[in-house]
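One letter stands for each residue in the lines below.
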Amino acid sequence: YESIDFSTTRAVLATVARVEGSSYRRTGARMLVLDDGTYLGGISGGCLEGDALRRAQQSIFQDKVSLVTYDTTQDDGHQIGVGLGCNGIIDVLFTPLYPSDEENPVRLLATLTETRQPAILISITGASAPLPSLGKAIVYENDEQFRALFPVSSVAAEVLHDLKECLTHRTSRTVQYHPEDLVVKIFIEVIMPVTRLVLFGSNYDIYTMVRTGRELGWDVTVVASLAKTDRSLLSIATKLLDNRLGITPPTDYYTAVVLMAHDYKTDFDNLQKILPTKTSYIGMLGPRKRTIKMIDALTAEGKPVSGTDMQRIFSPAGLDIGAATPEEIALSIAAEIRGHFAGRQGMPLRNRQGTIYEN
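None of the values given here were measured: they were computed from a predicted structure. (Residues numbered from 1 in each chain as written. Predicted model: local features only at pLDDT ≥ 70, side-chain atom pairs only at ≥ 80, totals over all residues. Heavy atoms only, no water.)

### Thoughts on the packing of helix 5 (residues 205-215) against helix 10 (residues 326-342)
The interhelical angle for the contact between helix 5 and helix 10, taken along N-to-C directions, is 45°, at an axis separation of 9 Å. When the axes of helix 5 and helix 10 are compared, the pair comes out oblique. Of the two possible hands of crossing, helix 5 and helix 10 adopt the one that is right-handed. Residues Asp205, Thr208, Met209 and Thr212 of helix 5 form the contact with helix 10, whose participating residues are Pro326, Glu327, Ala330, Ile333 and Ala334. Residues of the contact of helix 5 with helix 10, tallied by class, amount to five nonpolar, two polar and two charged. (Axes fitted to C-alpha atoms, helices over the stretch in contact; angles between N-to-C directions. Helix = DSSP H or I, 4+ residues; strand = E, 2+ residues; numbered from the N terminus. Parallel < 35°, antiparallel > 145°, perpendicular 65-115°, else oblique. Left-handed = near helix turned anticlockwise from the far one by under 90°. Contact = heavy atoms within 4.5 Å. Nonpolar A, V, L, I, M, F, W, Y, C, P; charged D, E, K, R; others polar.)

### Side note on the pattern of salt bridges
Counted under the stated rule, the structure contains 15 salt bridges. With a closest N to O distance of 3.1 Å, Asp51 and Arg55 form a salt bridge. A residue pair is termed a helical-turn pair when its members lie 3 or 4 positions apart in one helix, as Asp51 and Arg55 do in helix 1 (residues 49-62) at four residues. For Asp51, a relative accessible area of 10% translates into the label buried. For Arg55, a relative accessible area of 26% puts it in the partly exposed group. The closest approach of N and O atoms between Arg290 and Asp267, which form a salt bridge, is 2.8 Å. Within this pair, whereas Arg290 is found in helix 8 (residues 288-300), its partner Asp267 is found in helix 7 (residues 264-274), the two being separated by 23 residues in sequence. (Salt bridge = Lys/Arg side-chain N within 4 Å of Asp/Glu carboxyl O. Buried < 20%, exposed > 50% of the residue type's maximum accessible area, 1.4 Å probe, protein only.)

### A few points about the packing of aromatic side chains
For any two aromatic rings, the description comes down to two numbers: the centre-to-centre distance and the angle of the planes. This structure, assessed with the given rule, holds seven aromatic pairs. Note on Tyr281 and Phe314: the rings are 4.3 Å apart at their centroids and 20° apart in plane angle, and the pair reads as stacked. Of the two residues, Tyr281 sits in strand 14 (residues 281-284) while Phe314 sits in strand 15 (residues 313-314), which places them 33 residues apart along the sequence. Positioned above the aromatic ring of Tyr264 is the side chain of Lys293, whose terminal nitrogen or guanidinium carbon lies 4.6 Å from the ring centre. (Phe/Tyr/Trp six-rings, centres within 6.5 Å; stacked < 30°, edge-to-face > 60°. Lys NZ or Arg CZ within 6 Å of the ring centre and 35° of its normal.)

See the structure below:
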């Protein structure tokens, strides 16, 4: 976004603001569209992007915010999305972007890229009558700040209640409010911190794990012996630390740590460094008995591992998919990490009761 020359280029941000039924992408999915037709991101599996490009061009030409509802629940072969994987009702908000506007949605989202706590973005996505603040977005900081900035003051208290509910349950949703004679739609979006992956190790299997994490958009730090690692790792990982410095990278609840040294003493030392941190996932390569040996050793030293800490240790790391190669093992571990932070068990979707998504 920062590399776009807005003196000659105009752009629109398309955001999925509401989903009812089935949809390939969920609320919060975005697509940045430039006036020359190029775009970044997506709002569906390909069934809506073509029409969304046309709508975005209209939004640029008319220079106004618009909300488009795609209804693919009817058996109508002429309806956009039918037969292409969508079977739901999807609201998409098209918001023109202005580089001089410090509060345009892209700039506001950019302020949240480094946040390590769940954040709330509130957007006004629809109204039953013309509303000057349509498309306005606000990052919630505190009640006083929100009340001062929210343009529909008569429902500010209701929105505050609902956004706190969304934050508690980590779910985004669109809510309708009824101030006076109006109907106003508000998209309350919970934005979770980027997954931080910390890998300890210097062997060749580190590279596939780093590439997998980066492909998923994770922040990946490698703690390794620089004498044993190829410098190409510098261009892949987010950060590379020399293990000889004894530095423990910053960790929090949304951090996954994987110990991959393939050396008992090194992994044992690193486990002791990581246990006092707040990370909620500690993955260990190798057989379970190897980890049990470490736990027993800590107990013998008068440093028993608590039941809570045992719940954080995933040994062996990864889902049971028969992984054998470094690439398959990386896939297995990444899937387990994703499932852990999503609160899912990693079972086959065909065995899941109800819908795939909970919101």
